[in-house]
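Chain by chain, the residues run as shown.
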Amino acid sequence: MAKKKNKERKFTKKLLHKYRLVILNEDTFEERFAIKLTRLNVFILTSLSAISLVFFTILLIAFTPLREYIPGYSSARLKKQATTLNYKTDSLVNELELNKRYYASIRKVLTGDVASLEFNRDSILQATKNDIGVLQVTTNKEDSLLREKVDKEDKYNLFESSGDQSNYVLFPPVNGTISEGYNLEEKHFAVDVVVAANTPVKATADGTVIFAEWTVETGYVVIIEHNRELISVYKHNSTITKGQGDLVKAGEVIAMSGNTGELTTGPHLHFELWSKGYPVNPTNFIDFQ
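Numbers given for residues are sequential positions, taken from 1 along each chain in its written order. Local features in a predicted model are, by the rule used here, given only for residues with pLDDT of at least 70; side-chain atom pairs are given and counted only at 80 or more, and totals for whole chains, interfaces and linings are based on all residues. Water and hydrogen atoms were dropped before computing side-chain values, which therefore reflect all heavy atoms in the structure.

Undergrad: Looking at this model, I keep getting lost on the overall build of the protein chain. Mind explaining?
TA: Secondary structure is summarised from DSSP: a helix means a run of H or I of at least four residues, a strand means a run of E of at least two, and numbering begins at the N terminus for each. Looking only at helices and strands, one finds 5 helices and 12 strands in the protein chain. For the protein chain, buried positions account for 20% of its 289 residues. Note on contacts: a residue pair is in contact if any heavy atoms of the two residues lie within 4.5 Å. Contacts in the protein chain between residues at least 24 apart in sequence constitute 53% of all its contacts with a sequence separation of at least 6. Working definition of accessibility: Shrake-Rupley area with a 1.4 Å probe, residue cover restricted to the visible protein chains. Accessible area for the protein chain stands at about 22200 Å²; split by element, carbon and sulfur atoms hold 58% of it. Burial here depends on accessible area, computed with a 1.4 Å probe over protein chains only, as a share of the maximum for the residue type. Under 20% is buried, over 50% is exposed, and the range in between is partly exposed.

Here you go:
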């Protein structure tokens, strides 16, 4: 028992025995720094340093982009791509499911596999009568006259209502001499206006460019869709300044005149005007002089 106590005292004495760490100048042996240490202090300081190092390393790995350089960790870019692909896949699955349902419905109609539905006619009539949104409106003579007037205006009107027709003005795309006019018999649904090369070609009215491309027969072509199902066509241009989907204003330059395409004999503008799918004579609405 006494030997055991002596060993414990010696071990404690070793742990608490003080040592002096001195830093000397090698040339003059002058003491620069000195500190008293024990084995216990060194052990505690070393342990705390190791624990702190491990703690801060975990923080750097968990909350900074440095973890991307450690093997086994994925980068933020890959995670973003994976998330985006996940959303796209989910959308595609939903779209595919909707298409399946749609095709299944069409298949049932084509094969005649449509279930009949029986309902009570009297109950539907009663529900209609009880619907407060259904109003019984009686007609009168004034309503009939107004409907007849509106029908006549829509029947003979090209652009807006007859009251606004005088305010709807088409802008001449170019000014020049007409070399070949509008001719239904020869299927020339346009007017050819002779102009110098690279003359600015302007939009005849406000609208949206629905076509602006090169064609072999008519060169650079621009087609603009306007209000009231009106479409204007500009052919044989040397260059075009607008693209498909652009919004243009009346009088805005959309192309430069030229002599492009196989069906041309000189610099001119081939201008067409279509209303509701039918060609109309542009000279009836535009003065090219």
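Undergrad: Teacher, can you tell me more about the packing of aromatic side chains here?
TA: To describe a pair of aromatic rings, one takes the distance between the centres and the angle between the planes. Aromatic rings from Phe, Tyr and Trp, with only the six-membered ring used for Trp, were paired whenever their centres fell within 6.5 Å, and each pair was classed as stacked if the ring planes differed by under 30 degrees, edge-to-face if by over 60, and tilted otherwise. Per the stated rule, a full pass over the model turns up 5 aromatic pairs. When the centroid spacing of 5.7 Å and the interplanar angle of 70 degrees are considered together, the rings of Phe-55 and Phe-56 count as edge-to-face. Of the residues examined, Phe-55 reaches a relative accessible area of 48% and is grouped as partly exposed. Ring pairs connect the aromatic residues Tyr-234, Phe-271 and Phe-288, which therefore count as one cluster.

Undergrad: Just to check I follow, could you spell out unusual backbone geometry for this structure?
TA: Glycine aside, residues mostly have negative phi angles, and peptide bonds mostly take the trans form. One non-glycine residue with positive phi stands out, namely Glu-229, at about 60 degrees. Summarising the element assignment, Glu-229 is placed in the loop between strand 7 (219–225) and strand 8 (230–240). The exposure class assigned to Glu-229 is exposed, which follows from its relative accessible area of 53%. The phi dihedral of Lys-276 is positive, around 55 degrees, even though this residue is not glycine. Take Lys-276: it is sitting in the loop between strand 11 (268–275) and strand 12 (278–280). Its relative accessible area of 43% is what places Lys-276 among the partly exposed residues.

Undergrad: In this structure, what is going on with the pairing of strand 8? I would like to understand it.
TA: Along any regular strand, the residues point their side chains to alternate faces of the sheet. Most of strand 8 is tucked away: 8 of the 11 residues are buried. Direction of pairing for strand 7 relative to strand 8: antiparallel, over a ladder of 5 bridges. Following the sheet pairing, Glu-225 is matched in strand 8 by Ile-231. Hairpin remark: strand 7 followed by strand 8, antiparallel, with 4 residues in the connecting loop; positive phi at Arg-228, about 60 degrees. Across 6 bridges, strand 8 lies against strand 11 in antiparallel orientation. The partner of Lys-235 across the bridge, within strand 11, is His-270. Only when DSSP finds a minimum of two bridges between them are two strands counted as paired.

Undergrad: How should the nonpolar core be read in this particular structure?
TA: Of all hydrophobic cores here, the largest spans 23 residues; its most connected members are Val-201, Val-222, Ile-224, Tyr-234, Ile-254 and Phe-271. Within the residue set of this core, elements represented by two or more residues are strand 4 (191–194), strand 6 (207–215), strand 7, strand 8, strand 10 (253–257) and strand 11. Of the residues forming this core, the biggest block, 3 residues, is contributed by strand 11. Remark: nonpolar core denotes a set of buried residues (Ala, Val, Leu, Ile, Met, Phe, Trp, Tyr, Cys) joined through side-chain atoms within 4.5 Å.

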